[in-house]
Amino acid sequence: MSTEALGAAKTYAARHGYEIDANRELIGMGAANAGAGLAAGMVVNGSLSKTAVNGGAGAKSQVSGLVAAALTLLTLLFLTPVFESLPEATLAAVVIAAVVELVDVGALRRLWNLATPLTRRLYGGADRGDFWGAAAAMTGVLVFSTLPGLVIGVVISLLLLLARASRPHVAELVRSGHGLWVDLARRTALDKDGGTAAEGALVVRVESGLFFANADAVRAGVRALAAERAEAHGIRLVVLDAETVPFIDVAAADMLVTLAKDLARDGIRLVLARDIGRVRVVLRMATTKAELPPVHRDIDTAIAAELPPRG
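**Notes on the packing of aromatic side chains**
Moving on, step 1. In this structure the tally under the stated criterion is three aromatic pairs.
Moving on, step 2. Seen in terms of ring centroids, Phe131 and Trp132 are 5.0 Å apart; in terms of plane orientation they differ by 70°. Their pairing is edge-to-face.
Moving on, step 3. Judged by relative accessible area, Phe131 falls into the buried class, the value being 15%.
Moving on, step 4. Judged by relative accessible area, which is 41%, Trp132 ranks as partly exposed.
Moving on, step 5. Between Phe211 and Phe212, the ring centres sit 5.6 Å apart and the planes meet at 90°, which makes this aromatic pair edge-to-face.

**Things to note about empty space enclosed by the protein**
Moving on, step 1. The final tally for this structure, using the stated rule, is one cavity of 30 Å³ or more.
Moving on, step 2. Volume-wise, the largest cavity comes out at about 40 Å³.
Moving on, step 3. What lines the largest cavity is simply Leu210, Leu240, Ala242, Val245, Ile248, Leu256, Leu272, Val279 and Leu283.
Moving on, step 4. Class assignment of the residues belonging to the lining of the largest cavity gives a composition of nine nonpolar, no polar and no charged.

**A closer look at unusual backbone geometry**
Moving on, step 1. Positive phi, normally seen in glycine, also occurs at Ala40, with a value near 60°.
Moving on, step 2. Tracing the sequence through the fold places Ala40 in the loop between helix 2 (22-38) and helix 3 (48-56).
Moving on, step 3. Residue classification places Ala40 among the exposed positions, given a relative accessible area of 71%.
Moving on, step 4. Positive phi, close to 60°, is recorded for Arg274, a residue that is not glycine.
Moving on, step 5. Relative to the helices and strands, Arg274 is located in the loop between strand 5 (269-273) and helix 12 (277-286).

Rules used in this analysis
- Sequence order as written defines residue numbering, which begins from 1 separately in each chain.
- Since the coordinates come from a predicted model, pLDDT governs what is reported: local features require at least 70, and pairs of side-chain atoms require 80 or more to be given and counted, while whole-chain, interface and lining totals use all residues.
- The side-chain figures draw on all heavy atoms in the structure; neither hydrogens nor water molecules are used.
- Any Phe, Tyr or Trp ring, taking Trp's six-membered ring, that has another such ring centre within 6.5 Å forms a pair; planes under 30 degrees apart are called stacked, those over 60 apart edge-to-face, and the others tilted.
- Partly exposed describes any residue whose relative accessible area lies between the buried limit of under 20% and the exposed limit of over 50%, with all areas from a 1.4 Å probe on protein chains only and scaled to the type maximum.
- Only protein atoms enter the 1 Å grid, on which a cavity is a set of points fitting a 1.4 Å probe that cannot get out and a pocket is an open set with protein on both sides within 12 Å along at least 5 of 7 lines, lining residues being those with an atom within 4 Å of a point.
- Grid points are joined across faces, edges and corners, and a volume is the space filled by probe spheres set on the points.
- When residue character is reported, Ala, Val, Leu, Ile, Met, Phe, Trp, Tyr, Cys and Pro are called nonpolar, Asp, Glu, Lys and Arg charged, and the others, Gly included, polar.
- A helix here means a DSSP run of H or I that spans at least four residues, while a strand means a run of E at least two residues long, and both kinds are numbered starting from the N terminus.

This is the structure in structure tokens:
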């Protein structure tokens, strides 16, 4: 129930431009329920539908709750005969009229349109992950209730997160017309020559952190690219650009050692470029100096040092 209350609070906080502290909200909810339990009171909770009705009536502060409580008490004591024969459908119509404005069809359309032919080719169905998560949550709320809908949305979001993290995009980099190393699949129209690969080298970039869940997928992706380019262009060097890798764990560090050995059997040398922060620390602590592939300041330095021009 606290999930539903927090969802309602965040929805209206975003709408009216104020901040909420989730920890304070949950502590307050827990304290209120503890007090209600000790005093044999009713369960305390926030409701998205009741919050929507309150907001639709123009409420601006917690005084609205006091006013609603006072009016409820007056109704129970003196006005019950007036509302006794009122159809429940009337109450439902009031709630629907207040909640319908929370259904943001435009936001769903925007999430759907985020996908492009290129991103669909690179990421498949996960490219529309935000849309599917939002659609699943909305369907769950409409079919079941607010809380089950939130749970469905959270579960779908976690599954999509795992799917994205476990199979990151391994990009092949080429030098653009401006001298920058860019993704071959994403090169812009400004690069009229389409990018230039380094002769005898394959430069790759992993668009994710490296950890146990995606280590094998990254290893397989780099090996597949290396095998393809070795057959077509006879590469002798693979440079892994680590600038876009925000973190690495021990399993991934071991994977890099194994990948270096795999490529060495095919006569290809693996080196790293631009390892920063936590990646540098973990690599040096989790592997020995003999096992760790050579690390260079940047891609150009790596190619110049490891692949000197043939003369």
